[in-house]
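In case you want the letters, here they are:
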Amino acid sequence: VSRVLALDYGSARCGCAISDPGGTIATPIEPVLRPATRRGLAALARLVAERDVELVVVGLPLSLRGADTEQTRETRRFAEALRARLGDRVPVELYDERFTTVLAQRTPDASTSEDSRAAAHLLAGWLDSRSR
């Protein structure tokens, strides 16, 4: 694994976190506003290029029972739009994000957005699942 970008998608704001090149540390970075718009997708594509990202992980907000909700369907549509924007260069993967927002709320930090802290928890969980 090289650099991985994790996204906590929301239509108004998308939390972002990036791994170190070794794939062990998840660091929250600036969120991207209105990520599903043309401008938002372009900002994410720039981020992928500038940070040398090799994989994007999008948090999938399943219900507590693991079922799709309207937010889940919207997130799937966003992930498809991002796949189309990035082409074959960088894969986009969906990952169960249940509880990441709760974890982000429990780790307040004025220097980072709650959305990006949620993305960092998502990325940490994804990295941990890969190392097992």
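Scope of this entry: the structure provided in the associated data block. (Residues numbered from 1 in each chain as written. Predicted model: local features only at pLDDT ≥ 70, side-chain atom pairs only at ≥ 80, totals over all residues. Heavy atoms only, no water.)

1. As for the overall build of the protein
Along the backbone of the protein there are 4 helices and 5 strands. When its helices and strands are written in sequence order, the protein yields β-β-β-α-β-α-β-α-α. Counting only contacts in the protein whose residues sit at least 6 apart along the sequence, the fraction spanning at least 24 positions is 57%. For the protein, the exposed area adds up to about 7,200 Å²; of that, 50% sits on carbon and sulfur atoms. (Helix = DSSP H or I, 4+ residues; strand = E, 2+ residues; numbered from the N terminus. Contact = heavy atoms within 4.5 Å. Areas by Shrake-Rupley, 256 points an atom, 1.4 Å probe, with all protein chains shown as cover.)

2. Section: unusual backbone geometry
The phi dihedral of Arg-34 is positive, around 40°, even though this residue is not glycine. Among the structural elements, Arg-34 can be located in the loop between β3 (26-33) and α1 (38-50). When its relative accessible area of 52% is taken as the criterion, Arg-34 is described as exposed. (Buried < 20%, exposed > 50% of the residue type's maximum accessible area, 1.4 Å probe, protein only.)

3. Thoughts on helix α2 (residues 70-86)
In this model α2 runs 24 Å from its N-terminal to its C-terminal C-alpha over 17 residues, within 8% of the 24 Å that 1.5 Å per residue would give. Among all positions in α2, only Thr-72, Thr-75, Phe-78, Ala-79, Leu-82 and Leu-86 are buried. The buried residues of α2 all sit within an arc of 120° when viewed along its axis, so they share a single face. As for α2, its buried residues are in contact with β1 (4-8), α1, β4 (55-60) and β5 (92-96). (Expected span 1.5 Å × (residues − 1). Arc of directions from axis to C-beta.)

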